[in-house]
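Topology and contacts: notes
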Amino acid sequence: MRLSSARKDTGVTLLEIMMALLIMTSAMIPVASLMGYGGRATSKDARRIIAIQTLDKTLRQLLNEPFTEIPVGAGIKKTFNKVELGTIKTPAGYDYDVELSSRYISPAVFSFQNVKVNLPSFNPDAPLASDFAPTETVSLTNCILELVVKVSWKEQQSLTVDVSAMTYRANYHRRSG
Amino acid sequence: MRHQKKSKRGMAVVIVLTLATAILILGTAFLKTIRNQGGRNTIELGAIQADLLAEGITQIAMLKFKEIPGPLYYAYVAKVQGQTDTPLKEYHKDSVLAGELKTPFAAKFQTTYQLLPSKMYDDMNIKISVVVNVTRPDGIDYERNIERTVSGVRRPAF
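Residues numbered from 1 in each chain as written. Chains lettered and ligands numbered in written order. Predicted model: local features only at pLDDT ≥ 70, side-chain atom pairs only at ≥ 80, totals over all residues. Heavy atoms only, no water.

What follows is about the overall build of chain B. Each helix and strand counted, chain B has four helices and four strands in total. When the 158 residues of chain B are sorted by exposure, 41% land in the buried category. Residue pairs at least 24 apart in sequence account for 50% of intrachain contacts in chain B once pairs closer than 6 positions are excluded. Total accessible area on chain B is roughly 9100 Å²; 57% of this is exposed by carbon and sulfur atoms. (Helix = DSSP H or I, 4+ residues; strand = E, 2+ residues; numbered from the N terminus. Buried < 20%, exposed > 50% of the residue type's maximum accessible area, 1.4 Å probe, protein only. Contact = heavy atoms within 4.5 Å. Areas by Shrake-Rupley, 256 points an atom, 1.4 Å probe, with all protein chains shown as cover.)

Each helix and strand in chain A was counted, giving two helices and seven strands. Each helix and strand of chain A, placed in order from N terminus to C terminus, yields the pattern α-α-β-β-β-β-β-β-β. In summary, chain A has a C-alpha radius of gyration of 34 Å against a globular reference of 16 Å for 177 residues, an excess of more than 25%. C-alpha atoms of chain A, sized along the principal axes, occupy 130 × 45 × 20 Å. Taking as baseline every contact in chain A between residues at least 6 positions apart, the subset at least 24 positions apart corresponds to 61%. Accessible surface computed for chain A: about 10400 Å², of which carbon and sulfur atoms make up 57%. Counting 20 positive and 16 negative side-chain charges, chain A places the averaged centre of each group 7 Å from the other. (Rg over C-alpha atoms; globule rule 2.2 N^0.38 Å. Lys, Arg positive; Asp, Glu negative; His and termini not counted. Charge placed at Lys NZ, Arg CZ, Asp CG, Glu CD.)

Residues and elements named next belong to chain A. Structurally, Lys 150 is set in strand S6 (residues 144–155). What makes Lys 150 partly exposed here is its relative accessible area of 32%. Each C-alpha atom of the pair Lys 150 and Ala 51 lies 9.4 Å from the other, and the pair is 99 residues apart in sequence. With residues up to four places along the chain from it excluded, the contact list for Lys 150 reads Leu 55, Asp 97, Val 98, Glu 99, Asp 162, Val 163 and Ser 164.

The interface of chain A with chain B comprises 60 residues on the first partner and 60 residues on the second. Buried area between chain A and chain B, summed over both chains or domains, comes out near 5300 Å², and the portion from carbon and sulfur atoms is 70%. Run the count over chain A and chain B and you get one salt bridge. The residue Asp51(B) makes a salt bridge to Arg60(A) at a minimum N-O spacing of 2.4 Å. There are 13 residue pairs in polar contact (both at pLDDT 80 or more) connecting chain A and chain B. Those elements that provide at least two residues to the side of chain A that touches chain B are helix H2 (14–64), strand S4 (108–115), strand S5 (132–140), S6 and strand S7 (159–170) of chain A. (Buried area = accessible area lost by both parts, 1.4 Å probe. Salt bridge = Lys/Arg side-chain N within 4 Å of Asp/Glu carboxyl O. Polar contact = N/O pair within 3.5 Å; in protein donor to acceptor, adjacent residues only side chain to side chain.)

Summed over all chains, the structure comprises 14 salt bridges over all chains. The partner of Glu99(A) in a salt bridge is Lys77(A), with the nearest N and O atoms 3.9 Å apart. Pair noted here: Glu99(A) is in strand S3 (residues 95–104) and Lys77(A) is in the loop between strand S1 (73–76) and strand S2 (86–89), with a separation of 22 residues, a long-range link. Its relative accessible area of 39% is what places Lys77(A) among the partly exposed residues. Across the pair Asp85(B) and Lys89(B) runs a salt bridge whose closest N-O atoms are separated by 3.5 Å. Here the salt bridges share partners, and the residues they tie into one network are Asp56(A), Arg60(A), Asp51(B) and Arg144(B).

A cluster of nonpolar side chains, namely Met11(B), Val14(B) and Ile15(B), defines an oily patch on the protein surface of about 270 Å² accessible area. One can find Ile15(B) in helix H2 (residues 11–67). (Patch = residues over 30% accessible without salt bridge, like charges linked within 9 Å, V, L, I, M, F, W, Y side chains within 5 Å.)

This is the structure:
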């Protein structure tokens, strides 16, 4: 009789188990939702990384294309040469919209101070301040292109997100063209 | 004896509370890691934006040198000989070589030409350095420096 009473005292009561379960459950609910959030965040990051890689690849491809073959205009989505534009489907199954906007920086104005090489006192190895003419400019037409690429994609099936970058292309062969 | 029995009561609750706290701490650390990961992607975009912009400005700088090489050469010699540095400063002043962007992202850029002469200026190598500073969406600046060397040979005009 005495032994049975002692056993009862040392055990865990049903009330304790219930309370423990309640606390454990309330702690596990946010942790479980956190796991889901982690998974979604990883997928979102993966989509963004692929978009940035696509952006980099497209602009680097544009830097290698012949100057005269780059189309000029806003919102160009038509693929040309090796530059993939428009809707791109990646092996991971994500869809991206790649858009090019290009325009001439025209006229491109370059300033400089010419040298009066015809002056009798002119020494090409040590030109004096007085040997330089006042500042003048050279204006070049249609020989610098500003290229902006925008890569956009959808998050949560409706929210459109985009990344963009820009570069310039110069036409070094404008005189021979 | 009675005191010993009393101390064992409620132990399950204490253990569970400790465990739950540990889980919550781990969860918070996990959340922090995920948030930092997002920041790292922003850094990567800033680096690519700065890099591509610097590549483009280098092309413009090379075009200017190709079109107007003489004034740069004499301006550099005049500066090195201690005569005047104004013509060299003038050569660097163009807004396409030293300026700032507002769209599609905020950036500042600066171009520097440097002559690397050999054989008393018969061979002329030009180093073009472009420094681009991109301001990330979170307000932190990201800097990229690109250097290109163009080699040239001085030829008599006639």
